[in-house]
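Single-letter residue listing:
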Amino acid sequence: MSDINLQRRNFLKTAAGAAMVSVAPGMLLFDVAHGNPNAVGKVRWGMLIDAESCKPGCNDCVSACNKENGLSGGTAPTDSQWIRKIEIKDVSTGREVSLPMMCQHCEHPPCVDVCPTGASFKRVDGIVLVDKHRCIGCRYCMMACPYKARSFVHEPLSDQNPDVPRGKGTVESCTLCVHRIDQGGQPACAEACTNKAILFGDLNDPNSEISKKIHEVASIQLRADLGLNTGIRFQGL
Amino acid sequence: MKILVSLLLSLCLSVTSWAGESAVPKLDMGKGGQCVKDTQWMRKNHMHMLKHQRDETVRKGIRGENSLKNCIECHASLKDDSVIAREDSFCVGCHRYEAVKIDCFECHSGKRKSAWLQQRNAK
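Residues numbered from 1 in each chain as written. Chains lettered and ligands numbered in written order. Predicted model: local features only at pLDDT ≥ 70, side-chain atom pairs only at ≥ 80, totals over all residues. Heavy atoms only, no water.

### Here's the deal with the overall build of chain A
Logical step 1: Across its full length, chain A carries seven helices and eleven strands.
Logical step 2: Split into buried and exposed, the 237 residues of chain A put 46% on the buried side.
Logical step 3: Across chain A, the fraction of contacts at a sequence separation of at least 24, relative to all contacts at a separation of at least 6, is 59%.
Logical step 4: On chain A, roughly 12,300 Å² of surface is accessible, and the fraction owed to carbon and sulfur atoms is 55%. (Helix = DSSP H or I, 4+ residues; strand = E, 2+ residues; numbered from the N terminus. Buried < 20%, exposed > 50% of the residue type's maximum accessible area, 1.4 Å probe, protein only. Contact = heavy atoms within 4.5 Å. Areas by Shrake-Rupley, 256 points an atom, 1.4 Å probe, with all protein chains shown as cover.)

Given below as structure tokens:
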């Protein structure tokens, strides 16, 4: 996605905003989201993943995610996988690294752009979610995602975690464990990582551990060339 | 004609007497206590409340006492910890009677969360 496109979209947004917000002096057509203090736009949740600490063969983050969110743990194409471990190798140097891959929680998420119903959306605190109440299962978002982060539920489910409703016919992906974050917790994968390779926190708070760390160490976004400004960053790649 | 009228009349009578017997479905109310609003209001408006709450929660992260989980915590049966397991379960009885069909529990657990957690940890 080029800068030109982003600017164009912003222009359209402002133009629409200017036309709609001022219905009458002092009267707003729609109200700006106010709610959970986490979700009023001050916070941007993100992660810093240290590929150097991430151990090849370790699957703790994946197991923790599966348990927390009630995923079967299967890896067939039709099984839901919210986080995967991948091993990559630089063919010229032979260096191998291992890292977890999941939804990158983009600032400009392509999945949101293509969603025909508004089900894919970005919460003001930067978490990219599927509102399953609006999802019609068309799967455009799955095709648009450059990280292959989303799954589709193909079969009826039962005995879901009461905190994590899931059901046939809808798309789903990493929610950053939104149900835990909203209670002041952190994502299950970050908590489970025995190597402390996943640092979760508020990218907008200059005093958070994650902000201090990305200020000091070199970190990158995957496919930064796409200009999506992901909330997940990697060091040691 | 007379026969037809009396036939209709007897039909009506038998229908009303049948309805009279089970006009209010017997529900397993669960734990009891105090509902989030008064009973009459809830009868009429629980669906609006739930749909409002779901957008507030999913879209804005507001998690209040009107959450579906909270309803279930209270209203799940003390026998099987569920709001949907039986014909007289709380979220089933009325809907069956009124021919309302909801899909919420294809995704949402019908179980009391505390009981679900206990079961998971026992595994």
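### Points about the interface of chain B and chain A
Logical step 1: The interface is formed by 19 residues belonging to chain B together with 28 residues belonging to chain A.
Logical step 2: Summed over both partners, the interface of chain B with chain A buries about 2,100 Å², with 48% contributed by carbon and sulfur atoms.
Logical step 3: For the interface between chain B and chain A, the tally reads five salt bridges.
Logical step 4: A salt bridge links A:Asp182 to B:Arg63; its shortest N-O distance comes to 2.7 Å.
Logical step 5: Summed over the shared surface of chain B and chain A, the number is eleven residue pairs in polar contact (both at pLDDT 80 or more).
Logical step 6: Contributions of two or more residues to the side of chain B that touches chain A are made by α2 (39-60), α5 (104-107) and α6 (113-122) of chain B.
Logical step 7: By residue number, the principal contributor to the side of chain B that touches chain A is α2(B), which donates six residues.
Logical step 8: Split into classes, the residues belonging to the side of chain B that touches chain A amount to four nonpolar, four polar and eleven charged. (Buried area = accessible area lost by both parts, 1.4 Å probe. Salt bridge = Lys/Arg side-chain N within 4 Å of Asp/Glu carboxyl O. Polar contact = N/O pair within 3.5 Å; in protein donor to acceptor, adjacent residues only side chain to side chain. Nonpolar A, V, L, I, M, F, W, Y, C, P; charged D, E, K, R; others polar.)

### What about the side chain of A:Ser211?
Residues and elements named next belong to chain A.
Logical step 1: With respect to the helices and strands, Ser 211 occurs in helix α7 (residues 209-216).
Logical step 2: A polar contact of 2.8 Å, which involves the side chain of Ser 211, links it to the backbone oxygen of Asp 205.
Logical step 3: With near-sequence residues (within four places) excluded, Ser 211 lies in contact with Asp 202, Leu 203, Asn 204, Asp 205 and Pro 206.

### Thoughts on the pairing of strand β5 (residues 96-102) of chain A
Residues and elements named next belong to chain A.
Logical step 1: Across the seven residues of β5, six count as buried, placing the element largely inside the fold.
Logical step 2: Here strand β4 (residues 83-89) pairs with β5 via seven bridges, running antiparallel. Looking at the pairing, Arg 84 lines up with Met 101 of β5.
Logical step 3: Hairpin connection, β4 to β5: the antiparallel pair is bridged by six residues, and Gly 94 has positive phi, about 80°. (Pairing = 2+ DSSP bridges.)

### Some remarks on the packing of aromatic side chains
Logical step 1: Overall, the coordinates contain one aromatic pair over all chains when judged by the stated rule.
Logical step 2: Aromatic pair A:Trp45 and A:Phe200: ring centres 5.0 Å apart, planes at 20°, arrangement stacked. Placement of A:Trp45 in strand β3 (residues 45-50) and of A:Phe200 in strand β10 (residues 198-202) is noted, with a sequence separation of 155 residues between them.
Logical step 3: The exposure class of A:Trp45 is buried, given its relative accessible area of 13%.
Logical step 4: Cation over ring: A:Arg139 sits above A:Phe152, and NZ or CZ is 3.7 Å from the ring centre.
Logical step 5: Between B:Lys37 and the ring centre of B:Trp41, over which it is positioned, the NZ or CZ distance is 4.7 Å. (Phe/Tyr/Trp six-rings, centres within 6.5 Å; stacked < 30°, edge-to-face > 60°. Lys NZ or Arg CZ within 6 Å of the ring centre and 35° of its normal.)

### Some details on the nonpolar core
Logical step 1: Among the nonpolar cores identified, the biggest contains 47 residues, and A:Met47, A:Tyr147, A:Leu176 and A:Ile198 are the most heavily contacted of them.
Logical step 2: Elements supplying a minimum of two residues to this core: β3, α2 (60-69), β5, β7 (128-130), α5 (178-181), α6 (188-192), β10 and β11 (232-235) of chain A.
Logical step 3: Non-local contacts of A:Met47, meaning those with residues more than four positions away in its chain, are made with A:Met102, A:Leu176, A:Pro187, A:Cys189, A:Ile198, A:Leu199, A:Phe200, A:Ile210, A:Gly231, A:Ile232 and A:Arg233.
Logical step 4: With five residues, the next largest nonpolar core counts B:Leu68, B:Ile72, B:Ala76 and B:Val83 among its residues. (Core = buried A, V, L, I, M, F, W, Y, C linked by side-chain atoms within 4.5 Å.)

### Some remarks on the sheet that holds β11(A)
Residue and element names in this part refer to chain A.
Logical step 1: Taken together, the three strands give an open sheet; going across it, the order is β10-β3-β11, and neighbouring strands pair in mixed fashion. Looking at strand neighbours, the two that pair on one side only are β10 and β11, the edges of this open sheet. Pairs of neighbouring strands in the sheet enclose a mean axial angle of 20°, with direction left out of account.
Logical step 2: Pairing of β3 with β11 involves four bridges; the strand directions are parallel. Each residue of the ladder has a partner; that of Asp 50, found in β11, is Gln 235.
Logical step 3: Across the sheet, α7 lies against β3, β10 and β11, angled at about 115° from β10, the strand it touches most. (Axes fitted to C-alpha atoms, helices over the stretch in contact; angles between N-to-C directions.)

### Side note on helix α4 (residues 90-98) of chain B
Logical step 1: B:Val92, B:Gly93 and B:His95 are the residues of α4(B) that are buried.
Logical step 2: B:Ala99 occupies a position one or two residues after α4(B) and carries a positive phi of about 55°.

### Some thoughts on the confidence of the model for chain B
All names here are of chain B.
Logical step 1: Of all residues in chain B, 81% have pLDDT values of 70 or greater, and the mean over the chain is 86.
Logical step 2: Low confidence marks residues 11-21, where pLDDT is under 50. Its contacts with residues over four positions away, or in another chain, come to zero contacts.
Logical step 3: Predicted complex, confidence summary: ipTM 0.82, pTM 0.87. (pLDDT = per-residue confidence, 0-100.)

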